[in-house]
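Report on the structure
One-letter residues, chain by chain:
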Amino acid sequence: MLDATQKDLPWTLFDTVDLGVALLDCDRRVVAWNAWLAFATAISREAAIGRRFEDLFPAGSVKHVALAVTASLESGTSRLLSQSLHPKLLPLKTRSGQDMVHDATVRAVDYPPARYCLIQVFDVSVAVKRERLLRERQNARYDAVVDSAPDVILTLDDEDIIQFANPAADRQFGYAAKELIGRPAALLFEDRAAWNETRRAVLDGDAVRQPVEVRARRKDGSATYLEVSLSRWVSQSRVLITAILRDVNERRVAQEILRASESQFRTLAQAMPNHVWTARPDGQLDWFNERVYEYSGMKPGTLDGEGWGSLVHPDDISTATEHWRAALAAGAPYEAQFRIRSADGAYRWHLARAFPTRGAQDAIVRWVGSNTDIEDQKVAAQTLADVNATLEQRVSQRTSQLTQAEEALRQSQKMEAVGQLTGGIAHDFNNLLQGILGALDIIKRRIAEGRIGDLDRFLNGALDSANRAATLTHRLLAFSRRQPVDPRPLDLNELIGTVDELLRRSLGENIDLRVAAGEDLWLVRCDGNQLENALLNLAINARDAMPNGGTVTIDTANTVFDARQARRRDVSAGEYVCLRVSDTGVGMPPNVKARAFDPFYTTKPIGKGTGLGLSMIYGFVRQSDGSVLIDSEPGKGSSIEICLPRYRGDAVGAPVQEFSGDNRAEANEVVLIVEDEAVVRLLVVETLNDLGYQALETADSAAALRILQSSQRVDLLVSDIGLPGLNGRQLADAARVTRPGLKVLFVTGYAEDAAGSAFLEPGMEIVIKPFTMEALASKIREMIEGGRARIRPGKEWSD
Amino acid sequence: MSKASPTTLNELEQDALTELVNLGVSKAALSLREMTGEQVLLSVPSVDLIARTRAIETLGRNEPNRLVAVHQVFDGDIHGRALLIFPETRSLELVRAVTSGNLPLEDILELEHEALAETGNIILNGCLATIANLLQRTLMISLPEILRGDSASLFSLPPPPEAGDFVLFVYINFSLRERDIQGYIALLMDLPSLEALKTLLGEFIQRTAGDPPLPSNA
């Protein structure tokens, strides 16, 4: 205990302690106020003593302490008032004048019968400031990360209660931090069980958990996909979890799109009847649709990489690979054809195609390819090629047959015409023979009687008749001659002139033929023989249409067709030469007229015609770019018009004009005659001798050849073609071995020989029997002189 | 007499004690409301006097997780320990409830200790001082301390308890700022203190009812 000298020691201690102490009586008036408190409140003890505690401070500023004082005095309770819950409990300053951070306790002190209230104040500034500094330093870093994080960051306690939420949580969920804090985080997630399971795994097991994707609900009810990472930590023995929630909606949408696209591709690829495959940018195949496995019978996985190559036909693999490498290198579409082995071992042709798909920076990310079975196409193509080849062959065969048939038909047409002519001609011929025979008979008789004074009249009559007969046979032969179609420039009037005689004979005596030849007629270009044939056919048709006689008119004219006229005839507008054959016969009814050009259509009795006449004419004229028109009415006769395009050029191959000049030999020219027919040989030799030629004669080619191989002068060889042994042509060839420039004149009675004029070489010509001696003489003269001109080249210059 | 069974309270004593505790808690709620400016509801559904070992068992069964407690020692005619106990996880809720607005977690964690101490102090003091006042006795109550641990460690604080210690076990519902928190108040006393309490309760009943307590064996 303290003695008397120490009685003030408690008061000294009271003023010395490093805490504020005040004692209030039951009326809350200050009864003790230590020095510490006087400094901190700047209220002196003298000023404080006796006054109510709360009256020492501004009104209401010390409410909490006042309440505690009341409770303490009334109920005897004691109170702790901490700075953490009551930042400015009392207006206190430190010695340096700073705001003092302080705690306080308020206690009842029972000192019966009285009760006092003790207030103690503790300065905790240093500790608090140190803590705050530390925390601010930590938080600055922490806040920088957490507050600005795009991801939601939540801190959860070990019962899933949210203790902290960063600003991103509000952006993500629409809940302010204060709405989230204190609530279980599981409420945010759709699958709460899964969430809790994950959370417990972190609480109980691994401190850090791999991210998992969860579906969460926002405040507005919409769903959001989040990737959750959880980590466990401990603070003051309290287990906490930091949850980082990353928004993966965009990624998910992209994944969904990709998945949908991928699924679409797979579905499409599987639905395709073709093989579909994909390859990596390096060319390694990495996927095939079911078709490939079905077709090949291979197991999934066995074709990846280079495996597919085992399916390709060994002969095709190098080409296929080469194309593939080229496509890979160029990044260009791939296309190749090769055979692929099917499950049964058979190879079928396929067309493989592939395109690159490109990603970022246009880089190839994948190749997608397909194989299409083209076996059937290949087979069909081959078959078609075979068929085509065969067809061409057959067409050419048939064409040739047709040509032959046409040729034969044309000939038979001619023969038919000839046959029809024969009746009339035989009659004429008999008349002519009668004239010749009669005249010769009279001459023979008169010579026998010695009455030779008046023979010329009979000789001329015989010659005249014979000449007419010769002309007639010549025309007949010429007409019936087998000649190839040979279009050449022609004068229609001239052609009509040459067949005039034949026409008149064939028409008969009760039909009048009138020819109205147009003046200055243009040339046309066509086959003369066919045109003659046509003319004859038309004349015969006309005759047949006039069983009781009438008039046939042949007229020719130059015509210029305008567009309308040309269209009517189905030809081009322009200049044409028209030939019209009109009769005064029965005419044609429209149905006959319409079918007149049809092949085998005829109105004639069986055996009287083939029905091919008009159709042949039509074919020939159309080939020559011309037209045929029929103008006919029953009872008004018929008129057939043939129009042929004008030929702008000179006539060539015009008939050889009769040579009527001086045919006499000049300088003992030698002519070798080879003729097996003695009478003809005799006549020719006599004629040549008369003309001054030295005529050598032989009856066969062997004798002729001996002469020709000798040094005997021969200016001209006149030879029959049909000879025993070497024929005329062979003789000429043999002779020309030693006499290359030998001139040869063939004499023949066969039209076929003449038709083969192509067999004549330069310096060879031909005359056809019968011929007049004058015609022969002029031909010989022409040839010898022509040859002489050629072998004396200097003459033309000197003239 | 009432001494027949010192380890239990008779029905009247039980009712009286429940009423005292309710009054004390109401007083505490008033203090909290004054402090926070918010409506605070504290209610006491039941009060049990049980043996310490049974208290350990009961609390351990009800709250298997770690616990946090505000601890104060009282001394006077009766002496012992007062504990305000919460599951550790709920203690932060309590802090949030008594602190204004939305403090960051870091602040809460930092404040937890002091805030819990101050809040616990108000509740425990409210109970103890009210009881002491009504019993017309004075109790000296220590400053609050924060303890963490399980029920066994909380009820086995040094110095080692004597055999036959009793626990006045009070369930308490705490409702503040739309938060509902269940906790416990436990008053640990030894047998002499319990006998003293019974005596005091008897006096209180007599004063309140104006009649002497009926002998239990009458």
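Residues numbered from 1 in each chain as written. Chains lettered and ligands numbered in written order. Predicted model: local features only at pLDDT ≥ 70, side-chain atom pairs only at ≥ 80, totals over all residues. Heavy atoms only, no water.

**Remarks on the overall build of chain A**
Note the threshold: The way it works is that DSSP assigns letters per residue, a run of H or I at least four long becomes a helix, a run of E at least two long becomes a strand, and they are numbered from the N terminus. Using a 1.4 Å probe on the protein chains alone, a residue whose accessible area is under 20% of its type maximum counts as buried, one over 50% counts as exposed, and one in between counts as partly exposed. In what follows, a contact means two residues having at least one pair of non-hydrogen atoms within 4.5 Å. All accessible areas in this document rest on Shrake-Rupley with a 1.4 Å probe, and a residue is counted as covered only by the protein chains that are shown.
Of regular secondary structure, chain A possesses 24 helices and 27 strands. Taking all 799 residues of chain A together, 42% fall into the buried category. The contacts in chain A between residues at least 6 apart in sequence include a share of 58% that link residues at least 24 apart. Surface accessibility of chain A: about 43,100 Å² in total, with carbon and sulfur atoms responsible for 54%.

**Looking at the sheet that holds strand E4 (residues 102-111) of chain A**
Residues and elements named next belong to chain A. Going by this rule: Whether two strands pair comes down to DSSP finding at least two bridges between them. Working convention: axes come from line fits to C-alpha atoms, limited for helices to the stretch in contact. Angles between N-to-C directions cover 0 to 180 degrees.
Pairing is antiparallel in the open sheet, where five strands are placed in the order E2-E1-E5-E4-E3. Unpaired on one side and paired on the other, strand E2 (30-33) and strand E3 (79-81) mark the two borders of the sheet. Going across the sheet, the axis of each strand differs from the next one's by a mean of 20°, ignoring polarity. Of the strand pairs in this sheet, strand E1 (residues 20-24) and E2 are connected by three bridges, and their pairing is antiparallel. Following the sheet pairing, alanine 22 is matched in E2 by tryptophan 33. Its contacts with the sheet put helix H4 (residues 63-75) on E1, E3, E4 and strand E5 (114-123), and the angle it makes with E5 is roughly 145°.

**Observations concerning the interface of chain A and chain B**
What counts here: Buried area is understood as the total, over both parts, of accessible area removed when two parts are fitted together, assessed with a 1.4 Å probe. Under the rule applied, a polar contact is a pair of N or O atoms within 3.5 Å (in protein, one hydrogen donor and one hydrogen acceptor; residues adjacent in sequence only if both atoms are side-chain atoms).
Listed as interface residues are 41 residues of chain A and, on the opposing side, 41 residues of chain B. Summed over the three residues of chain A that lose the most area to chain B, namely A:Leu80, A:Leu85 and A:Arg238, the buried surface amounts to 19% of that side. At the boundary of chain A and chain B, one finds 10 residue pairs in polar contact (both at pLDDT 80 or more). Of all the secondary-structure elements, those providing two or more residues to the side of chain A that touches chain B are H4, E3, E4, helix H5 (125-148), strand E6 (152-157), strand E7 (162-165) and strand E10 (238-247) of chain A. Top element by residues in the side of chain A that touches chain B is H4(A). It accounts for five residues.

**Some details on the confidence of the model for chain B**
We apply this condition: Confidence scores labelled pLDDT are given residue by residue by the predictor and lie between 0 and 100.
For chain B, per-residue confidence averages 80 on the pLDDT scale, and 87% of positions sit at 70 or higher. Looking at the elements of chain B, mean pLDDT is at its lowest for helix H3 (residues 88-98) of chain B, recorded as 76, and at its highest for strand E3 (residues 67-76) of chain B, recorded as 90.

**Here we look at the side chain of A:His313**
Residues and elements named next belong to chain A. Along the chain, histidine 313 turns up in the loop between helix H10 (290-296) and helix H11 (317-330). Residue classification places histidine 313 among the buried positions, given a relative accessible area of 14%. Apart from the residues within four sequence positions on either side, histidine 313 is in contact with Arg339 and Tyr347.

**Here we look at the packing of aromatic side chains**
Residues and elements named next belong to chain A. So the rule is basically this: Centres within 6.5 Å make a pair out of two Phe, Tyr or Trp rings, where for Trp the six-membered ring is used; the pair is then stacked when the planes are under 30 degrees apart, edge-to-face when over 60, and tilted otherwise. Charge-over-ring contacts are defined here by two conditions on Lys NZ or Arg CZ: a distance within 6 Å of the ring centre and an angle within 35 degrees of the ring normal.
Counted under the stated rule, the structure contains 16 aromatic pairs over all chains. One aromatic cluster in this structure is built from Trp277, Trp324, Tyr334 and Trp367. Of note, arginine 95 hangs over the ring of phenylalanine 39, and the distance from its end group to the ring centre comes to 3.5 Å. The positively charged end of arginine 252 is found above the aromatic ring belonging to tyrosine 225, 3.6 Å away from the centroid.

**Let's talk about the packing of H4(A) against helix H1 (residues 11-36) of chain B**
Formally: Working definition: roughly parallel below 35 degrees, roughly antiparallel above 145 degrees, roughly perpendicular at 65 to 115 degrees, and oblique for all remaining angles. Here is the rule for handedness: rotate from the far helix to the near one, and if that takes an anticlockwise turn smaller than a right angle the crossing is left-handed, while a clockwise turn gives right-handed. Side-chain classes follow a simple rule in which Ala, Val, Leu, Ile, Met, Phe, Trp, Tyr, Cys and Pro form the nonpolar group, Asp, Glu, Lys and Arg form the charged group, and the remainder, Gly included, forms the polar group.
Relative orientation of the contacting elements H4(A) and H1(B) amounts to 165°, with a least axis distance of 10 Å. Relative to H1(B), the element H4(A) is oriented roughly antiparallel. At the point where H4(A) passes H1(B), the crossing takes the right-handed sense. Taking contact as the criterion, the partners of A:Lys63, A:His64, A:Leu67, A:Glu74 and A:Ser75 in H4(A) are, on H1(B), B:Lys27, B:Glu34 and B:Met35. Among the residues making up the contact of H4(A) with H1(B), the classes are represented as two nonpolar, two polar and four charged.

**Details of unusual backbone geometry**
With an omega of 10°, the peptide bond between A:Pro112 and A:Pro113 qualifies as cis. Notably, A:Asp625 is not glycine yet its phi reads approximately 65°, a positive angle. Positive phi outside glycine occurs at B:Gln136, with the angle close to 60°. The residue B:Gln136 is located in the loop between helix H4 (105-134) and strand E5 (139-141) in this model. The exposure class assigned to B:Gln136 is exposed, which follows from its relative accessible area of 53%.

**As for empty space enclosed by the protein**
In plain terms, the rule: A cavity here means a set of 1 Å grid points, computed over protein atoms only, where a 1.4 Å probe fits but cannot escape. A pocket is an open set with protein on both sides within 12 Å along at least 5 of 7 lines, and lining residues have an atom within 4 Å of a point. Grid points are joined across faces, edges and corners, and a volume is the space filled by probe spheres set on the points.
As enumerated under the stated definition, the model contains nine cavities of 30 Å³ or more in all. Each pocket or cavity is described by its volume, and for the largest cavity that value is around 160 Å³. Of the residues that constitute the lining of the largest cavity, the class distribution is 13 nonpolar, three polar and no charged.

**What about the nonpolar core?**
In plain terms, the rule: Here the nonpolar core consists of buried residues drawn from Ala, Val, Leu, Ile, Met, Phe, Trp, Tyr and Cys, with membership extended through side-chain atoms lying within 4.5 Å.
Within the largest apolar cluster, 63 residues are counted, with the highest numbers of intra-cluster contacts made by B:Val21, B:Leu32, B:Leu42, B:Phe74, B:Ile123, B:Phe174 and B:Ile185. For this core, the leading source of residues is H4(B), giving 13 residues. In this structure, B:Val21 is in contact with B:Val44, B:Val47, B:Cys127, B:Ile131 and B:Val170, ignoring residues within four places of it in sequence. Within the second largest apolar cluster, 39 residues are counted, among which are A:Leu531, A:Ala542, A:Val581 and A:Phe620.

**Re the sheet that holds strand E23 (residues 670-674) of chain A**
Residue and element names in this part refer to chain A. If you trace the five strands from one edge of the open sheet to the other, you get E24-E23-E25-E26-E27, paired in parallel fashion. Taken across any chain shown, the strands that pair with only one partner, and hence form the sheet edges, are strand E24 (694-698) and strand E27 (764-768). Within the sheet, the average angular offset between the axes of one strand and its neighbour, ignoring direction, is 20°. Sheet analysis places strand E26 (residues 744-748) next to E27, joined by five bridges and oriented parallel. The partner of valine 744 across the bridge, within E27, is methionine 764. Together, E23, E24 and strand E25 (716-720) form the strand contacts of helix H20 (residues 701-709), whose direction differs from that of E23 by roughly 160°.

**Overview of H20(A)**
Residues and elements named next belong to chain A. Of the residues making up H20, those classed as buried are Ser701, Ala703, Ala704, Leu705 and Leu708. Packing partners of the buried residues in H20 comprise E23, E24, E25 and helix H21 (728-738). Sitting at the amino-terminal end of H20 is aspartate 700, which places a side-chain oxygen 3.1 Å from the backbone nitrogen of alanine 702.

**Considering the packing of H1(B) against helix H6 (residues 191-209) of chain B**
Residues and elements named next belong to chain B. It is at 10 Å that the axes of H1 and H6 come closest, and there the two elements cross at 85°. In this view, H1 runs roughly perpendicular relative to H6, as classed from their interaxial angle. Together, Leu12, Glu13, Ala16, Leu17 and Leu20 of H1 and Lys198, Leu201, Phe204 and Ile205 of H6 make up the contact between the two elements. Among the residues forming the contact of H1 with H6, the class breakdown is seven nonpolar, no polar and two charged.

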